[in-house]
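Each chain, written out:
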Amino acid sequence: HSRIQQYKELSGAFSKAVIFLRGSESTCASKKQTLINAAAGLAEDLSTGISSNLKREPLNLKAILEEVVLYFTDQIQALNVDIKITCPEKLIFMGDPLFVRMILLNTIGYPLFCMPKKGTMSISATKESGLLHIEITDNRYSLSETGKKYVKTPFDFYVEDHKLQQICLQNRIGYTLSQSEKGESTTKVSFPLELDLKTMTFPYQESASIH
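All of these numbers come straight from a predicted model, not from anything done at the bench.

The rules behind the values
Residues numbered from 1 in each chain as written. Predicted model: local features only at pLDDT ≥ 70, side-chain atom pairs only at ≥ 80, totals over all residues. Heavy atoms only, no water. Helix = DSSP H or I, 4+ residues; strand = E, 2+ residues; numbered from the N terminus. Buried < 20%, exposed > 50% of the residue type's maximum accessible area, 1.4 Å probe, protein only. Contact = heavy atoms within 4.5 Å. Areas by Shrake-Rupley, 256 points an atom, 1.4 Å probe, with all protein chains shown as cover. Pairing = 2+ DSSP bridges. Axes fitted to C-alpha atoms, helices over the stretch in contact; angles between N-to-C directions. Parallel < 35°, antiparallel > 145°, perpendicular 65-115°, else oblique. Left-handed = near helix turned anticlockwise from the far one by under 90°. Nonpolar A, V, L, I, M, F, W, Y, C, P; charged D, E, K, R; others polar. pLDDT = per-residue confidence, 0-100. Phe/Tyr/Trp six-rings, centres within 6.5 Å; stacked < 30°, edge-to-face > 60°. Polar contact = N/O pair within 3.5 Å; in protein donor to acceptor, adjacent residues only side chain to side chain.

1. What to know about the overall build of the protein chain
When helices and strands are counted, the protein chain shows seven helices and seven strands. In the protein chain, the order of α-helices and β-strands from amino to carboxyl end is α-α-β-α-α-β-β-α-β-β-α-α-β-β. Out of the 211 residues in the protein chain, the part that is buried amounts to 44%. By sequence separation, contacts in the protein chain at least 24 residues apart represent 78% of the contacts at least 6 residues apart. When the accessible surface of the protein chain is totalled, it reaches about 11700 Å², and 52% of it is carbon and sulfur.

This is the structure:
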């Protein structure tokens, strides 16, 4: 939770910097615009999880999953959502701590804001062929593109699904979102377990749109 809060504070700091620069009269116009553009670009990167210099360090998946779920405690309690996490206690993989949290904040958080009361969500993790597969299944409402515009997502760092998929693919992370005939939505995210991304192949590359 502290790492997520850190991310929030960083984004807020850059936003305030942009506001300050826009109101400052002591900086020449060209330099001011350059600073504004740089700060705005970095703030956008922070808010969407994109980073040009991702770190790679050992991460404990279960600890991160529990942290992300804790972040949405208010929404979970408001809807009385039943969440089950199936993950080994010491499942370790290599990744950027803030970037990984960004992906999970969205894949876990978004369904919580478009599901009925007493909804259900299951989160499971498995290792296979050098990859860590995270599968999130939930009973969110099936929404049209128009309907999605009315979904309120009052949490930090929300990223629209098409952009989230793009971010994952750009960083060689497998991502799909699909819906079963029973109406259950399933999100699958695949992170590399090791540092060598060049040899990794992803079983989930195409994304099925949910309507």
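2. Details of the sheet that holds strand 6 (residues 174-179)
Read across the open sheet, the five strands follow the order 2-4-5-7-6; overall the sheet is mixed. The strands lining the two open edges of the sheet, one partner per strand, are strand 2 (82-86) and strand 6. Here the average twist between neighbouring strands, direction ignored, is 10°. By the bridge criterion, eight bridges tie strand 5 (residues 131-138) to strand 7 (residues 185-192) in an arrangement that is antiparallel. Residue pairing for strand 7: Leu 132 is matched across the bridge by Phe 191. Docked against the sheet, helix 5 (residues 97-112) engages strand 2, strand 4 (120-128), strand 5, strand 6 and strand 7, running at close to 175° with respect to strand 7.

3. Here we look at the packing of helix 5 against helix 7 (residues 161-170)
Put simply, helix 5 and helix 7 touch, their axes get as near as 11 Å, and they point 150° apart. By the angle between their axes, helix 5 is roughly antiparallel relative to helix 7. Viewed along their axes, helix 5 and helix 7 form a crossing whose handedness is left-handed. Contacts between helix 5 and helix 7 involve Phe 99, Ile 103, Asn 106 and Thr 107 on the former and, on the latter, Leu 164, Ile 167 and Cys 168. Its residues assigned to classes, the contact of helix 5 with helix 7 shows five nonpolar, two polar and no charged.

4. Points about the confidence of the model for the protein chain
Mean pLDDT over the protein chain stands at 75; residues scoring 70 or higher make up 60%. In the model, residues 196-211 has pLDDT below 50 throughout and makes 49 contacts with residues more than four positions away in sequence or in other chains.

5. Describing the environment of Ser 129
Looking at the secondary structure, you find Ser 129 in the loop between strand 4 and strand 5. The spacing of Ser 129 and Pro 192 is 63 residues in sequence and 9.3 Å in space, taken between C-alpha atoms.

6. What about the packing of helix 3 (residues 61-71) against helix 5?
Where helix 3 meets helix 5, the closest approach of the two axes is 10 Å, and the angle between their N-to-C directions is 50°. Between helix 3 and helix 5, the interaxial angle falls into the category oblique. For the crossing formed where helix 3 meets helix 5, the hand is right-handed. Taking contact as the criterion, the partners of Leu 61, Ile 64, Leu 65, Glu 67, Val 68 and Tyr 71 in helix 3 are, on helix 5, Val 100, Arg 101, Leu 104, Leu 105 and Ile 108.

7. A word on the packing of aromatic side chains
Within this structure, the stated rule accounts for three aromatic pairs. Look at Tyr 71 and Phe 72: their rings are 5.4 Å apart centre to centre, the planes differ by 85°, and that puts the pair in the edge-to-face class. Each ring, one from Phe 72 and one from Phe 113, has its centre 6.3 Å from the other, and the planes form 75°; the classification is edge-to-face. In this pair, Phe 72 sits in the loop between helix 3 and helix 4 (73-79) while Phe 113 sits in the loop between helix 5 and strand 4, placing the two residues 41 residues apart along the sequence. Phe 72 sits in the buried class, given a relative accessible area of 3%. Given the relative accessible area of 17%, Phe 113 is considered buried. Through successive ring pairs, a cluster of aromatic residues spans Tyr 71, Phe 72 and Phe 113.

8. Describing the environment of Asn 106
Relative to the elements of secondary structure, Asn 106 occurs in helix 5. On a C-alpha basis, the gap between Asn 106 and Tyr 158 in space is 6.0 Å, while along the polypeptide they are 52 residues apart. Of the polar contacts made by the side chain of Asn 106, one reaches the backbone oxygen of Met 102; its length is 3.0 Å.

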